[in-house]
Amino acid sequence: MAETLTALSQRDEAFWVGLALFVLGVLAPETFSLGGVGLSRGLVVVGGGILLTRVLVGGFRILKTTIEAGVGGYREGKQDER
């Protein structure tokens, strides 16, 4: 139970960090630069990358759970037929 709660909180934190970086990148003036790269562009890219990763991982987990439930239901249906 504790491992599940820790994993859920870490996923939530990654989402909020990504969203905060993305919003800060949008709000930051483009005149700031860090190492020749615009700070706002860098924040948008990093924040967007985190958000995109979270969406893809979430979609994969939903799809995986759906497939596992479908396979389990199919097997139970086949056992009932016998």
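Note: the structure precedes this text.
The text that follows walks through the structure, step by step, so that each part is easy to find. (Residues numbered from 1 in each chain as written. Predicted model: local features only at pLDDT ≥ 70, side-chain atom pairs only at ≥ 80, totals over all residues. Heavy atoms only, no water.)

### Structural notes on the overall build of the protein chain
Part 1 of the reasoning: Looking only at helices and strands, the protein chain features two helices and two strands.
Part 2 of the reasoning: Going from N to C terminus, the protein chain has its helices and strands arranged as α-β-β-α.
Part 3 of the reasoning: Evaluated residue by residue, the protein chain yields a buried proportion of 9% over its 82 residues.
Part 4 of the reasoning: Within the protein chain, residue pairs in contact and separated by at least 24 positions form 52% of the contacts whose partners lie at least 6 positions apart.
Part 5 of the reasoning: In the form shown here, the protein chain has an accessible surface area of approximately 6,700 Å², with 67% of it arising from carbon and sulfur atoms. (Helix = DSSP H or I, 4+ residues; strand = E, 2+ residues; numbered from the N terminus. Buried < 20%, exposed > 50% of the residue type's maximum accessible area, 1.4 Å probe, protein only. Contact = heavy atoms within 4.5 Å. Areas by Shrake-Rupley, 256 points an atom, 1.4 Å probe, with all protein chains shown as cover.)

### Brief notes about the packing of aromatic side chains
Part 1 of the reasoning: In this structure the tally under the stated criterion is one aromatic pair.
Part 2 of the reasoning: Here the aromatic rings of Phe15 and Trp16 are separated by 5.1 Å at their centres, their planes lie at 75°, and the arrangement is edge-to-face.
Part 3 of the reasoning: Taking the relative accessible area as the measure of exposure, Trp16 reaches 53% and is therefore exposed. (Phe/Tyr/Trp six-rings, centres within 6.5 Å; stacked < 30°, edge-to-face > 60°.)

### Thoughts on the environment of Gly18
Part 1 of the reasoning: Looking at where Gly18 falls in the secondary structure, it is placed in helix H1 (residues 2–27).
Part 2 of the reasoning: Owing to a relative accessible area of 0%, Gly18 belongs among the buried residues under this scheme.
Part 3 of the reasoning: As for Gly18 and Val45, which are separated by 27 residues in sequence, their C-alpha atoms are 9.7 Å apart.

So far we have only geometry, and geometry alone does not tell us how the molecule works.
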